[in-house]
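Fold and contact review
Listed below are the residues making up each chain.
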Amino acid sequence: MAKFGVVILLLIVTLEMAAVPGMAQTWAQKLVTEKETVTNLQFYFHDTLSGKNPTAVRVAQATGTDKSPTLFGVVMMVDDPLTETPDPKSKLLGRAQGLYGSACQDELGLVMSMSFVFTDDIYNGSSISLLGNNRAMNPVREMPIVGGTGIFRLARGYAIAKTHWLDLTTGDAIVGYNVTVVH
Ligand SMILES: *[C@@H]1O[C@H](CO)[C@@H](O)[C@H](O)[C@H]1NC(C)=O
Ligand SMILES: *[C@@H]1O[C@H](CO)[C@@H](O)[C@H](O)[C@H]1NC(C)=O
């Protein structure tokens, strides 16, 4: 009985709130927008397919993938370290975790869908999300940053990627990333 009474009371309160003209709805409230920050991040991405401890592994392919010059249809899962300099032993800043796959039949065009999850300094725990096409054989390419978490909440921006080193037989690569985000 007491429980019933509480429900009725809540209903009345809710109805009254809804009935007051000009009163803000409870489910959608306009918040004050804060100032935006622009951050530039520069780091090196180490994509290792070879050896005993690869950081990029093939998780799926199509029937014709291995016959395709661009490995069309292959999907790779990655957990690649991001470091301060091209030296793999330099300071670890975070990891690139996600997927890339071959989405182009006449040149190496990758669809990239990954988070750059940072672990260094104030950025520890914050991430940015990259989603876009990567014409991997071009010396310079641009990809969109479509979101972020933590410090990078609401991030949008772009990443400029430049291949620093590539082993054509194994596919191992070190790529320099220069990312600019507004958040
Ligand atoms: C990042 O944060 C995690 C969890 O809060 C902590 O365990 C870790 O030591 C931190 N890493 C660095 C490099 O500060
Ligand atoms: C990185 O990008 C920023 C912003 O576009 C630019 O000012 C800077 O020169 C770039 N750095 C390198 C090393 O390309």
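On a predicted model such as this, the values are computed, not experimentally measured, just so you know.

1. Some words on the overall build of the chain
For the chain, the count of helices and strands is one helix and nine strands. Written out in order from the N terminus, the α and β elements of the chain read α-β-β-β-β-β-β-β-β-β. Across the chain, the fraction of contacts at a sequence separation of at least 24, relative to all contacts at a separation of at least 6, is 47%. Accessible surface computed for the chain: about 11700 Å², of which carbon and sulfur atoms make up 61%.

2. Here's the deal with the nonpolar core
Inside soluble globular proteins, nonpolar side chains tend to come together where they are buried. Membership of the largest hydrophobic core comes to 30 residues, with the highest contact counts inside it found for F43, M114, F116, I128, L130, Y177 and V179. Secondary-structure elements contributing two or more residues to this core are strand 1 (38–47), strand 3 (75–83), strand 4 (92–102), strand 5 (109–118), strand 6 (127–135), strand 7 (140–149), strand 8 (156–166) and strand 9 (173–182). Among all residues touching I128, those that are not within four sequence positions of it are L41, M114, S115, F116, F118, I145, G147, G148, F152, A155, V179 and V181.

3. Re the confidence of the model for the chain
When pLDDT is averaged along the chain, the result is 89; 87% of the residues meet or exceed 70. Confidence over residues 1–20 falls short of pLDDT 50; this stretch has two contacts with residues more than four positions distant or in other chains.

4. A closer look at the pairing of strand 3
Bridge analysis of strand 1 against strand 3 gives two bridges, and the strand direction is antiparallel. When the bridges of strand 3 are listed, F45 appears paired with L82. The pairing of strand 2 (residues 56–60) with strand 3 spans four bridges and is antiparallel. In the strand pairing of strand 3, A60 is matched with V75. Alignment of strand 3 against strand 4, held across nine bridges, turns out to be antiparallel. Looking at the pairing, D79 lines up with Q97 of strand 4.

5. Digging into the pattern of salt bridges
According to the stated counting rule, one finds five salt bridges in the structure shown. Between D120 and K91 there is a salt bridge; the shortest N-O distance is 3.3 Å. Of the two residues, D120 sits in the loop between strand 5 and strand 6 while K91 sits in the loop between strand 3 and strand 4, which places them 29 residues apart along the sequence.

6. What about the packing of aromatic side chains?
Summed over all chains, the structure comprises seven aromatic pairs. Judged by centre distance (5.4 Å) and plane angle (50°), the rings of F45 and Y177 are tilted. Within this pair, whereas F45 is found in strand 1, its partner Y177 is found in strand 9, the two being separated by 132 residues in sequence. For the pair F45 and Y177, a shared accessibility class is recorded, and that class is buried. Aromatic side chains F116 and Y177 sit 5.3 Å apart centroid to centroid with 70° between the ring planes, which places their arrangement in the edge-to-face category. Of this pair, F116 sits in strand 5 while Y177 sits in strand 9, and the two are 61 residues apart along the sequence. By relative accessible area, which is 0% here, F116 ends up buried. A network of ring pairs unites the aromatic residues F43, F45, F116, F118, Y123, F152 and Y177 as a single cluster.

7. Comments concerning the site of ligand 2
For ligand 2, the full set of nearby residues is N40, Q42, Y158, N178 and T180. With respect to ligand 2, the side chain of Y158 contributes an N or O atom lying 3.3 Å from an oxygen atom. Within the side chain of N178, a nitrogen or oxygen atom sits 2.4 Å from an oxygen atom of ligand 2. Protein chains bury 38% of the 360 Å² of accessible surface belonging to ligand 2 in isolation. Counting residues per element, the ones that place at least two in the shell around ligand 2 are strand 1 and strand 9. Residue composition of the shell around ligand 2, grouped by class: one nonpolar, four polar and no charged.

Analysis parameters
- Think of each chain on its own: its residues are numbered from 1, step by step along the sequence as written.
- Chains carry letters from A onward and ligands carry numbers from 1 onward, assigned in written order.
- Only residues with pLDDT of at least 70 are given local features in this predicted model, and only at 80 or more are side-chain atom pairs given and counted; all residues enter the totals for whole chains, interfaces and linings.
- Where side-chain values are given, they derive from all heavy atoms of the structure, hydrogens and water being excluded.
- Secondary structure elements are taken from DSSP: a helix is a run of H or I of four residues or more, a strand is a run of E of two residues or more, and numbering for both begins at the N terminus.
- In this description, contact between two residues means that some pair of their heavy atoms is separated by no more than 4.5 Å.
- Values of accessible area rely on a 1.4 Å probe in the Shrake-Rupley scheme; residue burial ignores everything except the protein chains shown.
- We call a set of buried residues a nonpolar core when its members are Ala, Val, Leu, Ile, Met, Phe, Trp, Tyr or Cys and they connect through side-chain atoms within 4.5 Å of each other.
- Exposure is judged per residue with a 1.4 Å probe applied to protein chains only, and the accessible area is read against the type maximum: over 50% gives exposed, under 20% gives buried, and values in between give partly exposed.
- As a per-residue quantity, pLDDT reports the predictor's confidence and falls between 0 and 100.
- Strand pairing is assigned whenever DSSP detects at least two bridges linking the two strands.
- Counted as salt bridges are all cases of a side-chain nitrogen of Lys or Arg within 4 Å of a carboxyl oxygen of Asp or Glu.
- Planes of paired rings set the category: under 30 degrees apart is stacked, over 60 is edge-to-face and the rest tilted, where pairs are Phe, Tyr or Trp rings (Trp by its six-membered ring) whose centres lie within 6.5 Å.
- Nearness is defined per residue: one heavy atom within 4 Å of the molecule or strand is enough.
- Polar contacts here mean pairs of N or O atoms no more than 3.5 Å apart (in protein, one a potential hydrogen donor and the other a potential acceptor; neighbouring residues in sequence count only if both atoms are side-chain atoms).
- Each residue receives one of three labels: charged for Asp, Glu, Lys and Arg, nonpolar for Ala, Val, Leu, Ile, Met, Phe, Trp, Tyr, Cys and Pro, and polar for the others, Gly being one of them.

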